[in-house]
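Each chain is listed here by its residues.
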Amino acid sequence: MTEPSGETAPEAPEDVAPTEDVREDVRQGAAEPEEPGTAEEPAPAEEPASAEESTSGEESATGEESPRSGEPTPAQEPAASEESDGPAAGDAAPESESESEGPDAAQASPEPAGTEPGADGGAVAETSDTPELSDAQAELAAQRELRARIEARKAEKEGPLASGAKLSGTAADLLAAVRAVEGGTASGSAFYEAPAPAPRRTTPEAAPATTVRPPVPAQAPAPAPGTTAAVREVLAKGGAPEALAGQVAAALGEGAAQALLDDPWQLLAVSRVRPEQADGFARALLGAACGPDDPRRTVALTVWLLERAALQGHTALEIDAVRAGLARHAVPDAGSAVEEAVSAGAVLVFQEEEPAEGDHEEDEEDEGREEAPGAAEAAAEPASPVLLGLDRYALAEESLADGLARLVKTATADTWEGSELERAAGAHGLVLHTGGEASRAEPVALAAAARAHGLRTLVAVHADGGRRALGPAGTDAVTVAALLSGAAGPGRDEEGAFALDLLVVLDAPQLDVETAAMLVESLPDGCRLVLSGDPAVLGAPGAGQVFGDLLAARVCPRIASRVPDPGPLGELVSGIGAGELNQVEAPGKEIVIVPVRDAGEAVHRTVQLVADSVPRAIGVPAEQTQVVTVGHGGSAGTRALNTALKQRLNPGPGRFGGYDPGDRVAYAPVPGRTVTGTVVSADAEGLRLRCGDEELLVPKERVESALRHGWALTAHQAAGLRWPAVVVVLPGDAAGGLSRPWVYTAFGRAERHLSVVHGVDQALPRAVAEGTAPERTTRLRPLLEALLAVPEE
C-alpha cells in the first residue's frame, strides 16, 4: 500500500510499548468519566479517592457519551472506560456515542468553556433561567410524550406483561426477593407473577388512503424562574456551582430546592456530578449529620452506578458488581446498602427463569452416582445471576419484548415472490438481515417491491448521511429520530400507531433499547418489521444491544447477505470482520498507511493529509474528508485534532462561543445521536447550523455542552455515516482503546479512500485478531426466548 503523492513516509516506527489499558466498566472499577462543563466543584470529599474514581472519561454526540450519544461498550465494542471509544450515551457533552476521553484523560482537565456567545457583535446573549427550547429539544420532548403514552397504555392493560421475569409486589417483597434468591431458599420465579396475555389492537380492515400527521407535541416546559432561583440559593449554601441550577431544577422538578435540602445526594441526578462532589455538597449542608453509610447516600450511589453502567450499554448489573462499586466509594456495608436501595424501590431485582424442561436429562443419567462434597450446596445456588436494574430500562426491555412478540403473532403469513429476504418478510412479522455496506441494497429493494404491491412501506435509517448513501431511494427514507418525533414519516391513528404495513430499519445495531421500544410500540398489529445492519460494527450509544440480542435469541428468521463489499476497501474491512488484518493491493491509492512516531507527528500528518495530500492525490476535497480517532482526550484525540484542523482550514477567533461561520461541527440534539454540519451564523437565540439540507438552531445554553468541532470524530459518532475519504488516527497512546469492532467501524467509514496514521505498531493487528469486546449485560434475550420460544421438534 502506498502513500498519496507528496507524502514522504517517515522511517518505520520504533517499537511502541502499549500503554496500560485503563479501560474499565462499572463491574471492574470503572474510571470516572471526565466531566467537562462543571466550572466549579463542590468541596472534595474527605475520604481518599480510589484510583478508579480519579480517572476521567468519555462521550455523547452520536452520537458520544455516546454519555442516548463516548463510556459504555457497544454490542461488540470494548468496555470503554473514559479512555476508550465506548458508548457513553447520556453524558452532557456531545460525546453522545459514548466515546472515551483518551489514554491521558486522567490527567486532562475539563475543557474550558469558550467565550460566551454574544460577547461580540451579533453574538449570543447571556444564558437565561428560562431558555426557549429548540426544535431539537422538541424532538426529545416528543419522544418523552410518546414514552409517557406507552407507559399509560401499559398500565391500563388487564394483566401484567408476559415477561417471565418482571418483579411484582411491595417494597417488602423486593427486599425478600434479594435475600431469598441469594440464599438459595427460593427460586427467582417465586417472586414473579404468572404471565398473562395483554389485550391486542385489532388489525385495521383497510388502510386509509392518507393519514394526517399530528403536530409535534408541545415542548417540555422550562423550570419556573422561582424554582431555579431557589435551587441556586441551595447550591450556593452547599458550595456547588450555581450554574447547575437549571439542570437541577429540570431533573428534580418543582420541589427541587427542598429535595436537595432533604437529600443533598440528589445532586447526582445531574449528569457530570461525581460522588465526591455530592459528598462535599452534603457535608456543607448537613455537617456531622451525614456519613458514608447514610441511607440517602447509599441509595443515591446505587442508582448512580446503574446510570453509569447504562452509559456503557448495560441495562442491568449483577448484584456483586454493584456491591463492588459501592465498596469503592467507601460504603461500609455494601450488601445492606443494596438491600436499602431495593426496599426503597429505587432499583429492581431480577433473576431470569431457567427453562423448565429439557435441561435435566443429565440429572437422570447421574442418578445413583455418589455426590461429591459440597455438590448439594452448589446445586442449591441459583444458576442465573441476580441482576439489579433501573425501572426505565426494565420497562423498555419488557415493552420491547412484548411488542416484538405481538408483531410476530399478529402478522399474516403470505407467499411473496423474489429474493430470500422478500420471501422471509412475506411469511413472518419479524425478520433480521445482516451484511456489509453493499448489502443495504437488499432491504431497500424489498421496500420497493412491497410498495409496488400496494403496501404502506417505509425505510428508516440512523442518520441523515445514511439517507444520502441510498441514492435516489433515500428520498423516501427518514431517520428514526424524525419518525418518532412526527417530523417525518406516516401519520398515527388515535392509538398512536403508524399507518404502516412494513417498516424496514437500516443501521439496526445503532438502536438502543428505549428507542427500539418506542418504535415497536408505535407499529400496528399485523405490521411487518425488518431490521437490517452489520453486527460487526460498534453498537448503540445508549443502553442495550437490541440487534445483538435478537440475533442471539433465534426467535425469527435471520437472512445473511451474500453481497460482498467491493474493491480494496471492501476486502480490507471484510478481513477485519473475520479477525484478519490483510495486506491489500490498492493500485488506485484506495488505502494508504502513514507511519508516525508520536502523537505530535500524528496530528501534523493528519492535517497535512486532510488539507493537502488527499485533495491533491485522490481528488477528494477537505470538506469531504473525515478524521476518525479513538477518543476525545489525549494528545491526538478529537480536541487536539480539531484545534489543529480549524487553525489550518478555517482560522478565526471563535467569536460565537468558540465557533466561527464555516466551522465543521458535531451536534448532539439528544444523547446518543450525532448530527454533523457547518456553522452558518449566530444570533440572540444561539448558533445556526447547516446540516445536510436543513438548518438547525443550537440554543445558546446548549452550545457548550452539546456542540463540538467536527473535523475529527470518534468512531461511535461516525457510526452510521460514510464519507468519500477518511483519515483514521491511531497514536501510540491509543493502543488500549482499540478492538476489532472499533477498527472495523472506523475503517468502514470510507467510500473511496482510507488513510491510516499508524503509531500503534503491533497493537493494531493484535486488536483485530483478539480484541473482541465483552457483551453488555441486558435482559432482552431471555425475555424474548420466554415469549417466542420455538418448541423443539
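Residues numbered from 1 in each chain as written. Predicted model: local features only at pLDDT ≥ 70, side-chain atom pairs only at ≥ 80, totals over all residues. Heavy atoms only, no water.

**Observations regarding the overall build of the protein chain**
Then, in step 1: Looking only at helices and strands, the protein chain has 27 helices and 19 strands in total.
Then, in step 2: When the accessible area of the protein chain is evaluated, it comes to approximately 31,200 Å², of which 50% is carbon and sulfur surface. (Helix = DSSP H or I, 4+ residues; strand = E, 2+ residues; numbered from the N terminus. Areas by Shrake-Rupley, 256 points an atom, 1.4 Å probe, with all protein chains shown as cover.)

**Quick word on the nonpolar core**
Then, in step 1: Counting residues in each nonpolar core, the largest one holds 91 residues, and the members touching the most others are Val231, Leu235, Leu326, Leu400, Leu503, Leu529 and Leu531.
Then, in step 2: For this core, the element with the highest residue contribution is helix 8 (residues 295-311), accounting for eight residues.
Then, in step 3: With sequence-adjacent residues up to four places away left out, Leu235 is seen in contact with Ala240, Pro241, Glu242, Leu244, Ala245, Leu260, Leu267 and Phe281.
Then, in step 4: Residues Val573, Ile591, Ala715 and Ala763 belong to the second largest nonpolar core, which totals 37 residues. (Core = buried A, V, L, I, M, F, W, Y, C linked by side-chain atoms within 4.5 Å. Buried < 20%, exposed > 50% of the residue type's maximum accessible area, 1.4 Å probe, protein only. Contact = heavy atoms within 4.5 Å.)

**Observations regarding the pairing of strand 19 (residues 750-758)**
Regular strands have side chains that alternate between both faces of the sheet.
Then, in step 1: Of all nine residues in strand 19, seven are buried; the element is thus mostly enclosed.
Then, in step 2: When strand 10 (residues 591-595) meets strand 19, the two strands line up parallel, connected through five bridges. Residue pairing for strand 19: Pro595 is matched across the bridge by His758.
Then, in step 3: As paired elements, strand 18 (residues 723-730) and strand 19 share seven bridges and run parallel to each other. Within the sheet, the bridge partner assigned to Val727 lies in strand 19 and is Ser755.
Then, in step 4: The parallel pair strand 18 and strand 19, bridged by helix 25 (residues 740-747), forms a crossover whose chirality is right-handed. (Pairing = 2+ DSSP bridges. Right-handed = clockwise from strand over helix to strand, strands pointing away.)

**Side note on the sheet that holds strand 7 (residues 502-505)**
Then, in step 1: Taking strand neighbours across the sheet as the criterion, the six strands line up as 6-5-7-8-4-9 in an open arrangement whose pairing is parallel. The sheet terminates laterally at strand 6 (478-479) and strand 9 (558-560), the two strands that pair on one side only.
Then, in step 2: Strand direction decides the pairing type here: strand 7 and strand 8 (residues 528-533), joined by four bridges, are parallel. Each residue of the ladder has a partner; that of Val505, found in strand 8, is Leu531.

**Some points on the sheet that holds strand 16 (residues 707-709)**
Then, in step 1: Strand order across the open sheet formed by five strands is 15-14-13-12-16, with antiparallel pairing between neighbours. The two strands at the open ends of the sheet, each matched to only one other strand, are strand 15 (694-699) and strand 16. Taking each pair of neighbouring strands and ignoring which way they run, the sheet shows an average axis angle of 45 degrees.
Then, in step 2: Sheet analysis places strand 14 (residues 686-691) next to strand 15, joined by six bridges and oriented antiparallel. (Axes fitted to C-alpha atoms, helices over the stretch in contact; angles between N-to-C directions.)

**Side note on the side chain of Arg688**
Then, in step 1: Looking at the element boundaries, Arg688 is found in strand 14.
Then, in step 2: Within the structure, Arg688 has its side chain in polar contact with the side chain of Glu685 (distance 2.5 Å).
Then, in step 3: For Arg688, the contacting residues outside a window of four places in its chain are Thr678, Val679, Val680, Ser681, Asp683, Glu695, Leu696 and Leu697. (Polar contact = N/O pair within 3.5 Å; in protein donor to acceptor, adjacent residues only side chain to side chain.)

**Comments concerning the packing of helix 4 (residues 225-237) against helix 7 (residues 275-286)**
Then, in step 1: Axis separation between helix 4 and helix 7 bottoms out at 8 Å; the angle between their running directions is 90 degrees. By the angle between their axes, helix 4 is roughly perpendicular relative to helix 7. The segment helix 4 lies against helix 7, with Val234, Leu235 and Lys237 engaging Phe281, Ala284 and Leu285.
Then, in step 2: Taken together, the residues that form the contact of helix 4 with helix 7 break down as five nonpolar, no polar and one charged. (Parallel < 35°, antiparallel > 145°, perpendicular 65-115°, else oblique. Nonpolar A, V, L, I, M, F, W, Y, C, P; charged D, E, K, R; others polar.)

**Looking at the packing of helix 13 (residues 391-410) against helix 18 (residues 513-521)**
Then, in step 1: At their nearest, the axes of helix 13 and helix 18 sit 8 Å apart, and the two run at 40 degrees to each other. Here helix 13 lies oblique to helix 18, going by the angle between them. Remark: the crossing between helix 13 and helix 18 carries left-handed chirality. In this structure, helix 13 contributes Arg392, Tyr393, Ala396, Glu397, Ser399, Leu400, Gly403, Leu404, Arg406 and Leu407 to the contact, and helix 18 contributes Val513, Glu514, Ala516, Ala517, Val520 and Glu521.
Then, in step 2: A class-by-class count of the residues in the contact of helix 13 with helix 18 yields nine nonpolar, two polar and five charged. (Left-handed = near helix turned anticlockwise from the far one by under 90°.)

**Points about the confidence of the model for the protein chain**
Then, in step 1: When pLDDT is averaged along the protein chain, the result is 76; 68% of the residues meet or exceed 70.
Then, in step 2: Below a pLDDT of 50 lies the segment residues 356-382, which in the model reaches four contacts outside its immediate sequence neighbourhood of four places, other chains included. (pLDDT = per-residue confidence, 0-100.)

**Details of the pairing of strand 5 (residues 457-461)**
Then, in step 1: Counting buried positions over the five residues of strand 5 gives five, a clear majority of the element.
Then, in step 2: Traced from strand 5 through helix 16 (residues 464-469) to strand 6, the parallel crossover comes out right-handed.

**Description of unusual backbone geometry**
Then, in step 1: Positive phi outside glycine occurs at Ala330, with the angle close to 65 degrees.
Then, in step 2: A relative accessible area of 33% means that Ala330 is categorised as partly exposed.
Then, in step 3: Even without a glycine there, the phi angle at Arg554 is positive, about 55 degrees.
Then, in step 4: Summarising the element assignment, Arg554 is placed in the loop between helix 19 (546-553) and strand 9.

**Quick notes on the environment of Ala449**
Then, in step 1: With respect to the helices, strands and loops of the structure, Ala449 is situated in helix 15 (residues 441-452).
Then, in step 2: Put simply, Ala449 and Trp416 are 33 residues apart on the chain and 9.7 Å apart in space, counted from C-alpha to C-alpha.

**Things to note about helix 19**
Then, in step 1: Within helix 19, six of the eight residues are buried, leaving the element largely enclosed by the surrounding structure.
Then, in step 2: Along helix 19, the positions that sit buried rather than exposed are Val546, Phe547, Asp549, Leu550, Leu551 and Ala553.
Then, in step 3: Among the structural elements, helix 13, strand 4 (430-434), helix 18, strand 8, strand 9 and helix 27 (780-788) are those in contact with the buried residues of helix 19.
Then, in step 4: At the C-terminal side of helix 19, Arg554 shows a positive phi close to 55 degrees.

**A short note on the pattern of salt bridges**
Then, in step 1: Applying the stated criterion to the full structure yields 21 salt bridges.
Then, in step 2: Notably, a salt bridge pairs Asp294 with Arg296, separated by 2.9 Å at the nearest N-O pair.
Then, in step 3: Overall, Asp294 belongs to the buried group, its relative accessible area being 8%.
Then, in step 4: For Arg296, a relative accessible area of 29% translates into the label partly exposed.
Then, in step 5: Close ionic contact of Arg616 with Asp612 constitutes a salt bridge, the shortest N to O distance being 3.2 Å. With Arg616 and Asp612 both in helix 21 (residues 599-618), this residue pair falls four residues apart, about one helical turn. (Salt bridge = Lys/Arg side-chain N within 4 Å of Asp/Glu carboxyl O.)

**Notes on helix 8**
Then, in step 1: If you check helix 8, its first and last C-alpha atoms are 25 Å apart, about what 17 residues at 1.5 Å a residue would give, namely 24 Å.
Then, in step 2: Within helix 8, 13 of the 17 residues are buried, which leaves it mostly tucked inside the rest of the structure.
Then, in step 3: N-cap assignment for helix 8: the residue whose side-chain oxygen lies 2.8 Å from the backbone N of Arg296 is Asp294.
Then, in step 4: Backbone geometry just downstream of helix 8 places Gly313 in the positive-phi region, at approximately 100 degrees. (Expected span 1.5 Å × (residues − 1).)

**Examining the environment of Ala508**
Then, in step 1: Note that Ala508 resides in the loop between strand 7 and helix 18.
Then, in step 2: Assessed through its relative accessible area of 1%, Ala508 is described here as buried.
Then, in step 3: Beyond its immediate sequence surroundings of up to four residues, Ala508 is in contact with Leu531, Ser532, Gly533 and Phe547.

**So, the environment of Glu694**
Then, in step 1: Along the chain, the position of Glu694 falls in strand 15.
Then, in step 2: Remark: the alpha-carbon pair of Glu694 and Gly677, spanning 17 residues in sequence, is separated by 9.6 Å.
Then, in step 3: The residues touching Glu694, leaving out its near neighbours within four places in the chain, are Asp464 and Leu689.

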